[in-house]
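# Breakdown of the fold
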Amino acid sequence: MIRKLTKHDDEIVMSFLGDEPSINLFIIGDLEAFGYETDFQELWGEFTNTGELKAVLLRFHQSFIPYAKGSFDIEKFGEIMKSYSPKPILSGKQEIVEQFESLLEIAPGRKQVTYFAECRTDYNLDTPQLPIQIARITDVDQIMELRSTIDEFSLNDSTRKMLIQAMETKTGRTYYLEESGKFIACASTTAENTMSAMIVGVCTHKNFRQRGLATEILQKMVKDVLNEGKILCLFYDNPAAGRIYKRLGFQDIGMWTMYR
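Residues numbered from 1 in each chain as written. Predicted model: local features only at pLDDT ≥ 70, side-chain atom pairs only at ≥ 80, totals over all residues. Heavy atoms only, no water.

### Section: the overall build of the chain
To keep it simple, the criterion reads: For helices the rule is a DSSP run of H or I covering at least 4 residues; for strands it is a run of E covering at least 2, with both sets numbered from the N terminus onward. Restricting the calculation to C-alpha atoms gives the radius of gyration, and the globule rule supplies 2.2 Å times the number of residues raised to the power 0.38. Throughout, exposure labels follow a simple rule: accessible area from a 1.4 Å probe, protein chains only, divided by the maximum for the residue type, with under 20% read as buried, over 50% as exposed, and the rest as partly exposed. Working definition of accessibility: Shrake-Rupley area with a 1.4 Å probe, residue cover restricted to the visible protein chains. When charges are counted, Lys and Arg are positive and Asp and Glu negative, with His and the chain ends excluded. Charge coordinates come from a single atom per side chain, which is NZ of Lys, CZ of Arg, CG of Asp or CD of Glu.
On a plain count of helices and strands, the chain comes out with eight helices and twelve strands. Compactness check: the chain gives a C-alpha radius of gyration of 19 Å against a globular reference of 18 Å for 260 residues, within 12% of the reference. Considering only C-alpha atoms, the chain reaches an extent of 60 × 35 × 35 Å along its principal axes. A buried classification covers 48% of the 260 residues belonging to the chain. For the chain, the accessible surface area stands at approximately 13500 Å², while carbon and sulfur atoms represent 48% of it. Mean positive and mean negative side-chain charge positions of the chain (30 and 37 charges, respectively) differ by 3 Å.

### What about the packing of aromatic side chains?
Applied cut-off: Note on aromatic pairs: the rings of Phe, Tyr and Trp (six-membered ring only in Trp) are paired at centre separations within 6.5 Å, and the planes decide the class, stacked below 30 degrees, edge-to-face beyond 60, tilted for the rest.
Enumeration over the complete set of coordinates arrives at 17 aromatic pairs. Between Phe 40 and Phe 60, the ring centres sit 5.6 Å apart and the planes meet at 85°, which makes this aromatic pair edge-to-face. Of this pair, Phe 40 sits in the loop between α2 (25-34) and β2 (41-47) while Phe 60 sits in strand β3 (residues 53-60), and the two are 20 residues apart along the sequence. With a centroid separation of 6.0 Å and 65° between ring planes, the pair formed by Tyr 245 and Phe 250 is classed as edge-to-face. Given the relative accessible area of 12%, Tyr 245 is considered buried.

### Things to note about the environment of Phe 60
Convention followed: What makes two residues a contact is simply this: any of their non-hydrogen atoms within 4.5 Å.
Overall, Phe 60 belongs to the partly exposed group, its relative accessible area being 26%. Considered as a pair, Phe 60 and Ile 27 are 33 residues apart in the sequence and their alpha carbons are 9.2 Å apart. If we skip the residues at most four places from it in the chain, Phe 60 touches Asp 30, Phe 34, Phe 40 and Gln 41.

### Considering the nonpolar core
The condition that has to hold: In this text, buried Ala, Val, Leu, Ile, Met, Phe, Trp, Tyr and Cys residues form a nonpolar core when linked through side-chain atoms within 4.5 Å.
Within the largest apolar cluster, 64 residues are counted, with the highest numbers of intra-cluster contacts made by Leu 17, Ile 27, Leu 31, Leu 43, Val 56, Leu 232 and Phe 250. Ile 27 has contacts with Leu 17, Leu 43, Val 56, Leu 58, Ile 65 and Tyr 67, leaving out every residue within four places of it along the chain. Core analysis: the second largest hydrophobic core is formed by 13 residues, Val 140, Ile 164, Met 167 and Phe 183 among them.

### Quick notes on the pairing of strand β8 (residues 174-179)
Note on strand geometry: in a regular strand, side chains alternate between the two faces of the sheet. What counts here: Any two strands with at least two DSSP bridges between them are considered paired.
As defined by bridge partners, strand β7 (residues 133-134) adjoins β8 across two bridges and the pair is classed as antiparallel. Residue Gln 133 lies in a different strand from β8, and its bridge partner there is Tyr 176. As paired elements, β8 and strand β9 (residues 182-190) share six bridges and run antiparallel to each other. Along β9, the bridge assignment pairs Tyr 176 with Cys 186. A loop of two residues connects β8 with β9, the two strands running antiparallel in sequence, and Ser 180 in this loop sits at a positive phi of about 55°.

### Brief notes about the environment of Gly 254
Along the polypeptide, Gly 254 turns up in strand β12 (residues 251-259). Look at Gly 254 and you get partly exposed, because its relative accessible area is 25%.

### Here we look at the sheet that holds β2
Just so we agree on the cut-off: The convention used is that axes are lines fitted to C-alpha atoms, helices contributing only their stretch in contact, and that angles between N-to-C directions extend from 0 to 180 degrees.
Pairing is mixed across the open sheet formed by twelve strands, whose spatial order is β1-β2-β3-β4-β5-β12-β6-β11-β10-β9-β8-β7. In the strand order of this sheet, the two ends are held by β1 (2-4) and β7, each with one partner. Two strands pair when backbone bridges link them, and strand β10 (residues 196-204) and strand β11 (residues 231-236) are joined in this way by three bridges, in the parallel orientation. Residue pairing in the sheet places Ser 196 in a bridge with Ile 231 of β11. Against the sheet, helix α5 (residues 140-147) contacts β8, β9 and β10, and its axis sits at roughly 100° relative to β9.

In structure tokens:
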């Protein structure tokens, strides 16, 4: 049986999602932030014959994230997605979302697959030696200026707004190093919730690379967030970056697939 879930299902839902808090970071964060009863967010659940939750599907505007433990009704979830858009934005654990390829009108070239890693311990971390600070809303322009120098980053009109919103709602923070009043390296969290947080925006100005600045920032960030009882997670597709993260204690836990 598949039905729309409500706030009365929250305890069951969070217990179900809590087995993999990193993989379910976006679902958990969206539910904690916006609940079950908004016009832009809905959650459906599939139950076994004995009443146990076995799969969920989150809609956030036109984006969907499914999560399941074992087999689930792919066709019914696909029908729900197509009722909102013939080409929905879909993302999630690779082995789950790729089952929808034959059902949804996903155009070639729209698929992106990245490694998904998490960190649960600070065993591999050293104590940072540099004066790392946490950014405030008044520092957002400095963060944007530094990110604009990074070729791999894609900035748009909503990026600045999202940074401010994350700081205001405490669903994200940015750690940074500066020299002569200018940000030279920074890293951010996003989608922070009571169980986990995602690392994004790790960058160093090209004139200050090869000094381990980003690594110092990450060590401070990871220690702080772990001390709050949360798990850190991140995406990466660059093997060199992956090696750095693994030296800090991150471990691959799967692949994340997105269809845009």
